[in-house]
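Structural description and commentary
Spelled out, the chains give:
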Amino acid sequence: MSAQRGGTVAAVDLGATSGRVMVGNVGPRTLELRAVARFPNTPVRVLEHAGTGPDPDRARFEGAGDDSAGATSTTDGTGTRGINDTDGTDGTDGTARYGLHWNILELYRNVQGGLRAAVHDEPGIASIGLDSWAVDYALLRGGRMLGTPYNYRDDRTAAGVEAVRQHISAEELYARNGLQHLPFNTVYQLAADRASGDLATADRMLLIPDLLGYWLTGQLRAEITNASTTGLLDPNARQWDTELLNRVGIPATLLPALIEPGQVLGSVLPGVAAELGLGVTENAGPGSHELNVVAVGSHDTASAVVAVPATGDDFAYISSGTWSLVGVELEHPVISEAGRAANFTNEGGVDGRVRYLKNVSGLWLLSESVRAWERESGSAMDLPTLLAQAAAVTTLGSGGGDGSRASTGRGTGIGTGPVIATFDTGDDRFLPPGDMPTRIAAWFTEHGMPAPHSPAEFTRTIIESLAADYAGTIAQAEELTGKRITTIHIVGGGSLNTLLCQLTADRTGRTVLAGPVEATALGNVLVQGRAAGMIGGTLESMRSLVASTFAPRRYDPATRRS
């Protein structure tokens, strides 16, 4: 066997608000990452039914969702910015219906531009890997996309949930797919498409990274970690559940063959090679260029978990950004009624692992609050200053009142002294964009608790509430799996938020290791590097490489001072 050699790959990492193309250098003792392109991923809200009345949402959406800089790698520790939403006005009552869609063609244009820059800077790139957010997809017929993909925040899926429930109960559905109930899961979106008639014209469905992979290579496949988020995969067999598909009225022929991380999807098409500046003409024959697209953990969390710098198996991970994905890694699914009631999910990981996790709220709450304050003041906020002010807060509300008296009890700080009040971040009112501080204040008032008044107080209670959520979720994961957690790894944009990391350590009573920020891109690069023979070994050996090259920052639980 020949010695492993280092090499270079390109990682396309797409988030719900931004995308990036990264060049990764990887070898037995080398792991380096460099961004060659960053670009916004801004959804588009378009008229779908004119109706006869005014649009009740117009004022609510003005100025929302226009952040072009938000990314999981933000340097201010707030994570990613949010995106527009719709309240579901569908025109049936005479009002206009607006749908929220991904600008997928602009996204693909930016991906091509980023890959062109990568190839120009590093002519020896061995392969390309694609990852993105989950659940959303495009419908195709004869290889041609039918319409633009919906954004998961469009609430058309409410009808889809009801349609699925007519054929299978929530309990039986969980017993089959092991997935946390989220109203935007792919199974519900497809049911909504079926009800609208859109599904009748389609012969294929491709999730977002699979769609881009198809445009690059011409190959129709479904990468398994992302497929596991659809609600249509048997988590034990790791195959499409054809019986479930029949039950809910989704044609099995709609779904492409599955592909595992590390397998080659195909070589870039000659026309694509020409666009990337590889010196190949569009009329060149098949196989004339050897730049491959390799399947990675195409669900971004699956790639992020690959790059968790863990040195044992007694860890939990938190992929912290717009959402917080809090969970543990298992060898086999854990599907139980208790898990369903706790809303835990069994999603596919690289090398056949299972990501047993819960999708809880994230730094979206802080990002939307900052957006509201900036709109009100007309100027940008200095986020490091805001976080420092939040760290000094000891109670909420200018009317006084001890913060410990107002605590919801969802997670507790260790030590003595005041405990800042927390709120239910999972309340549905916090899902759409808009004036988040007003909604948070209303929650406190409705529950007879002193409400925060200043941006620093709002920021502190948001971060305390997230830390409390993390603590409660990790305790649930231990109870449901029997796994003992001693260390918590926070990766993604939230790993830069020192207050969040410290409060997580305090509320859980466990050591927190923060970083890397670009865990998703690193996991993408590592799977490609192993497929190309640049490195070898298990997930554990790849994580050791991350730990040695991107040393995490340590936070130990601290006794609170009164």
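Structure: see above.
Fair warning: this is a prediction, and the values are worked out from it, not measured in the lab.

The rules behind these values
Residues numbered from 1 in each chain as written. Predicted model: local features only at pLDDT ≥ 70, side-chain atom pairs only at ≥ 80, totals over all residues. Heavy atoms only, no water. Pairing = 2+ DSSP bridges. Helix = DSSP H or I, 4+ residues; strand = E, 2+ residues; numbered from the N terminus. Contact = heavy atoms within 4.5 Å. Axes fitted to C-alpha atoms, helices over the stretch in contact; angles between N-to-C directions. Salt bridge = Lys/Arg side-chain N within 4 Å of Asp/Glu carboxyl O. Buried < 20%, exposed > 50% of the residue type's maximum accessible area, 1.4 Å probe, protein only. Arc of directions from axis to C-beta. Phe/Tyr/Trp six-rings, centres within 6.5 Å; stacked < 30°, edge-to-face > 60°.

As summarised here, the arrangement of the three strands in space is β8-β7-β9, forming an open sheet in which the pairing is antiparallel. One side of each edge strand has no neighbouring strand; the edge strands of this open sheet are β8 (144–145) and β9 (204–207). Inspection of the sheet shows strand β7 (residues 137–141) paired to β8 by two bridges, in the antiparallel sense. Note that in β8 the partner of Arg 141 across the bridge is Arg 144. With respect to the sheet, helix α5 (residues 186–196) is in contact with β7 and β9, its orientation differing from that of β7 by roughly 45°. Across the sheet, helix α6 (residues 208–217) touches β7, β8 and β9, and the angle it forms with β9 is around 105°.

On to the pattern of salt bridges. Overall, the coordinates contain 28 salt bridges when judged by the stated rule. The residue Arg 353 makes a salt bridge to Glu 540 at a minimum N-O spacing of 3.1 Å. With Arg 353 in the loop between β18 (345–348) and β19 (354–361) and Glu 540 in helix α18 (residues 539–549), the pair connects residues that are 187 residues apart, well separated along the chain. The exposure class of Arg 353 is buried, given its relative accessible area of 11%.

Let's shift gears to helix α3 (residues 157–165). Listed as buried for α3 are Thr 157, Gly 160, Val 161 and Val 164. One side of α3 holds all its buried residues, which, seen down the axis, span an arc of 100°. What points out from α3, more than 90 degrees from its buried face, is the exposed set Ala 158 and Ala 159. Those residues of α3 hidden inside the fold are in contact with α4 (170–177), α5 and α8 (242–248).

On to the environment of Leu 522, then. Locating Leu 522 in the fold gives a position in helix α17 (residues 519–531). On the basis of relative accessibility, which here comes to 0%, the residue Leu 522 falls in the buried class. Linking Leu 522 and Val 308, residues 214 residues apart in sequence, is a C-alpha distance of 9.4 Å. Leaving out residues up to four positions away in the same chain, Leu 522 has contacts with Leu 31, Leu 33, Ala 307, Pro 516 and Phe 550.

Our next topic: the side chain of Thr 520. For Thr 520, the location among the structural elements is in helix α17. Of the residues examined, Thr 520 reaches a relative accessible area of 13% and is grouped as buried. When neighbours within four sequence positions are excluded, Thr 520 is seen to be in contact with Asp 13, Asp 131, Asp 300, Ser 303 and Ala 304.

With that out of the way, let us pick up the packing of aromatic side chains. Using the criterion set out here, one finds 11 aromatic pairs in the structure. When the ring of Trp 102 is compared with that of Trp 133, the centres are 4.3 Å apart and the planes differ by 45°; the resulting orientation is tilted. Of this pair, Trp 102 sits in the loop between β5 (97–101) and α2 (104–121) while Trp 133 is found in the loop between β6 (127–131) and β7, placing the two residues 31 residues apart along the sequence. Grouping residues by exposure puts Trp 102 and Trp 133 together as buried. When the centroid spacing of 6.4 Å and the interplanar angle of 45° are considered together, the rings of Trp 102 and Tyr 152 count as tilted. Taken as a pair, Trp 102 in the loop between β5 and α2 and Tyr 152 in the loop between β8 and α3 lie far apart in primary sequence, 50 residues in all. Residue class for Trp 102 comes out buried when judged on its relative accessible area of 2%. Within the aromatic cluster, the residues linked to one another by ring pairs are Trp 102, Trp 133, Tyr 152, Phe 184 and Trp 323.

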